[in-house]
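A structural walkthrough
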Amino acid sequence: MKLLSKTIQYYFILSMVLLLVAVPVFYLVLRKIVIANIDADLVATKTQLIPQLQVMEIKPGAPNPLLNNDVTLEKSQGRGEDSLYTSESHRLLSSHLVINQETYRLQIRSSIANHQKLIGSIIVLQCVLLILLLAGLLLVNQALARRIWKPFYQTLRKLRAYKVDDAAPLDLGGSAVAEFRELNTAVEQLAERSRKSYVAQKEFAENASHEMRTPLAIFQGKLELLMQTDPLTEEQAELITDLATASQRMARLNKGLILLTRIQNGQFPETEEIAVKNSAEHLLFQYQPQIEQKKLQLETDWLDDLSVQVNPTLLEVLLGNLLSNAIRHNVPGGRIVVKLANGAFTVRNTGQPYALPEERIFERFAKSSPDADSMGLGLEIVNKICRLYGFTIHYAYENQYHSFTVQMKS
Amino acid sequence: MKVLIIEDELALGKSIAAYLQAENYTCELAPDRKTALEKVESFDYDCILLDISLPDGNGLYVLQALKENNKTDGVIIISARDSIDDRIKGLQLGADDYLVKPFHLSELSARIAAVIRRRRFSGSNLLEAEELTINTQARTVLVNDVPVELTRTEYDLLLYLFSNRNRVVSKHAIAEHLSADGEGLFDNYDFIYAHMKNLRRKLVNAGWTDRIKAVYGMGYKMEIP
């Protein structure tokens, strides 16, 4: 629920409660006041009438000019206190008085129906007023809140668009509201800290990779010299081969790391229009020996003549990593299906008989197999390249096939 | 043949020198730019190996000095940096090749041989050893003056082994040399055997005495007396 709706919701509840309580209370109070008013009138009329009645002779039959529909006088047996009560739509005052030693009961009545109408009108008017007031309040409040919270939403939007690998630091701009200013400053500082540590980490990876190259070269060179020594036993040759394989892996890992940092640094700015099919076919041709070696069945399906505006090196790396993975992680005699359709490049291959953890395979060094030759960087590089060009990559395991789909154009 | 190795890492420089000695190259070492400049000014080299990150400054300066003195020494840059910019800069300044560390000594040796071949204007493009003749210009191979039809990979393999003759060349180095992109995405070296088998069969059928020797699954050695 949005903050705005939340506040408005509270306002609305409050308004409803107010409306529901206030109107009946107001009605009751108003009614009470009106009745008190009528009562006062009745008492005043009585006080005015009694002296006149007492000095007047009562002739039965002849109409008394003082009496009418609302004022009646009749003989009564008992005596009692004055009483005020409501009967039907009238307010009645009944009083006993003695005229010529005879007890009479005087009844004065006044209609409250008229007053009731007035009360009704007042209540309706009040309701309308209240509703208008509340609606206005809500509207004003909403508009105000929207205006007040605007910098907040701006901050939110900028934060959402911000990536830690952006070259520029996060700039949220100022705000007239102190709280938002503080928020922006705090968030900017946080972003700056993470950006700095990201840059430091990236630089470290870069420097470490570069610094590693010279010792690696020395190591590799000495190994090659060791190969030249004579006599050389088979046992020694085996040891040297293992070392050479390890150093080869190190060199490749190093290359991968440097490529990653370079992609992250945006060091592949130049792009050109490349047909994906040509690039993939070229790579498959290069990998032919490996495919034959594993006796893999290759099936290609070029349904789309897709061209993308990318860096040629990166496209080659992207496709190359996916295709070589499909070869490397395949079983001997397995199958590879390469498909280009609907703006997507798909590689499907047989391999381990279980699905890979999709959320982890694109991470650095998330090895998918115990196989020593997977270096754990290939898919991260693929992922980074996809992100760079706005491609989406998706992994699925269906019908014994591992499939990677890169959506290049929607 | 004289080769100058401008490299501040002594261990690496020495390794290169030791490897190249088998080729009968005379190697000199220059651990910094100052020494390098002195040597370059006083002597002519067939090939200069230049590390561009030297303790006393950028090695590209040596390239500039060579250019200013109109020297035609072949230059191969060996660098730990491999950004496209570095490459372009080096090649624009007149370097013949650019090799990124870590590299295989056999690869370096093959590249040196190629640079020297290209630089030797008067010399022939023919590499000869007994009944084998390789024409590097036409990329053809003759055994007893009869052409042998080789695939591109087989030719590359033969030339690579020949450039590193009498030395063991590791299968890793061969695999990296043969994979066109040099990425070496595979740890699978089996495909080399197939190419090697075909190459040897074709040469032997043409009357060549097989000089290629497998060394315990570690690599191959072409022995040419």
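Since we're looking at a predicted model, the values are computed, not measured. All residue numbers refer to position in the chain's written sequence, counted from 1. Naming scheme: in the order in which they are written, chains are lettered from A and ligands are numbered from 1. Only residues with pLDDT of at least 70 are given local features in this predicted model, and only at 80 or more are side-chain atom pairs given and counted; all residues enter the totals for whole chains, interfaces and linings. Water and hydrogen atoms were dropped before computing side-chain values, which therefore reflect all heavy atoms in the structure.

Re the overall build of chain A
- Scanning chain A from N- to C-terminus turns up eight helices and eleven strands.
- The globule rule is 2.2 Å times the number of residues to the power 0.38, and the radius of gyration it is compared with is taken over C-alpha atoms. In terms of overall size, chain A is more extended than a compact globule, its C-alpha atoms giving a radius of gyration of 47 Å where 410 residues would be expected to give roughly 22 Å.
- Projected onto its principal axes, the C-alpha positions of chain A cover 160 × 50 × 45 Å.
- A burial count over chain A gives 41% of its 410 residues as buried.
- Working rule for contacts: check all heavy atoms of both residues, and any pair within 4.5 Å makes them a contact. For chain A, long-range pairs separated by at least 24 residues make up 67% of all intrachain contacts whose partners lie at least 6 apart in sequence.
- Counting only carbon and sulfur atoms, one obtains 58% of the accessible surface of chain A, whose full area is about 23600 Å². Strands here mean DSSP runs of E at least two residues long; helices mean DSSP runs of H or I at least four residues long; both are numbered from the N terminus. With a 1.4 Å probe rolled over the protein chains alone, any residue whose accessible area is under 20% of its type maximum counts as buried; one over 50% counts as exposed, and the rest are partly exposed. All accessible areas in this document rest on Shrake-Rupley with a 1.4 Å probe, and a residue is counted as covered only by the protein chains that are shown.

As for a negative patch on the surface
All names here are of chain A.
- A residue counts toward a patch only above 30% relative accessible area and without a salt bridge, and it is joined to like-charged neighbours within 9 Å or, for Val, Leu, Ile, Met, Phe, Trp and Tyr, to nonpolar neighbours within 5 Å. Here, a salt bridge means any side-chain nitrogen of Lys or Arg that lies within 4 Å of a carboxyl oxygen of Asp or Glu. Two residue types count as positive, namely Lys and Arg, and two as negative, namely Asp and Glu; His and chain ends fall outside the count. A single reference atom marks each charge: NZ on Lys, CZ on Arg, CG on Asp, CD on Glu. On the surface, a cluster of negative charge is contributed by Glu234, Glu235, Glu238 and Asp242.
- One can find Asp242 in helix 4 (residues 234-264).
- Taking relative accessible area as the criterion, Asp242 reaches 53% and is therefore assigned exposed.

Regarding the UniProt feature "modified residue: 4-aspartylphosphate" (unreviewed entry) in chain B
Residues and elements named next belong to chain B.
- The positions UniProt marks with the feature "modified residue: 4-aspartylphosphate" (unreviewed entry) are Asp51.
- You can call Asp51 buried: its relative accessible area is 1%.
- If we skip the residues at most four places from it in the chain, Asp51 touches Ile6, Glu7, Asp8, Gly59, Ile78, Ser79 and Lys101. UniProt positions are given in the numbering used here, feature names are shortened, and annotations may be inferred rather than shown by experiment.

As for helix 2 (residues 33-42) of chain B
Residues and elements named next belong to chain B.
- Buried within helix 2 we find Ala36, Leu37 and Val40. Seen end-on, helix 2 carries its buried residues on one side only, within an arc spanning 100°. Exposed residues pointing more than 90 degrees away from the buried face of helix 2 are listed as Lys34 and Ser42.
- The elements touched by buried residues of helix 2 are strand 1 (2-6), strand 2 (26-30), strand 3 (47-51) and helix 3 (60-68).
- Contacts described as polar in this section are N or O atom pairs within 3.5 Å, which, within protein, must combine one atom able to donate a hydrogen with one able to accept it, while residues neighboring in sequence count only if both atoms come from side chains. The residue sitting at the N-terminus of helix 2 and contributing the capping side-chain oxygen is Asp32; that oxygen lies 3.3 Å from the backbone nitrogen of Lys34. Here the arc refers to the directions that run from the helix axis out to each C-beta atom.

Here's the deal with the domain arrangement of chain B
Residues and elements named next belong to chain B.
- As annotated, the domain borders come from an automatic or database domain assignment. Domains assigned within chain B are domain 1 (2-119) and domain 2 (126-222).
- Taken together, the contact pairs twelve residues of domain 1 with 15 residues of domain 2.
- Between domain 1 and domain 2, the buried area comes to about 1000 Å², and carbon and sulfur atoms account for 45% of it.
- By the criterion of area lost to domain 2, the three top residues of domain 1 are Tyr19, His104 and Arg117, representing 45% of everything that side buries.
- Counting every contact that joins domain 1 to domain 2 gives one salt bridge.
- Salt-bridge contacts for Glu23 lead to Arg167; the nearest nitrogen and oxygen are separated by 2.1 Å.
- Summed over the shared surface of domain 1 and domain 2, the result is eight residue pairs in polar contact (both at pLDDT 80 or more).
- Taken together, the elements giving at least two residues each to the side of domain 1 that touches domain 2 come down to helix 1 (10-21) and helix 5 (105-119). Throughout, the accessible surface (probe 1.4 Å) given up by two parts as they are put together, summed over both, is called the buried area.

What to know about the nonpolar core
- For this analysis, a nonpolar core means a set of buried residues of the types Ala, Val, Leu, Ile, Met, Phe, Trp, Tyr and Cys, connected via side-chain atoms within 4.5 Å. Ranked by size, the top nonpolar core spans 46 residues in total, and within it Leu322, Phe345, Phe391 and Met408 of chain A carry the most contacts.
- In terms of residue count, helix 7 (residues 312-328) of chain A provides more of this core than any other element does, nine residues in total.
- Setting aside anything within four residues of it in sequence, one finds Met408 of chain A in contact with Val276, Leu306, Val308, Leu315, Leu318, Leu319, Gly343, Ala344, Phe345 and Phe391 of chain A.
- Listed in part, the 32 residues of the second largest apolar core include Tyr155, Val169, Ile212 and Tyr220 of chain B.

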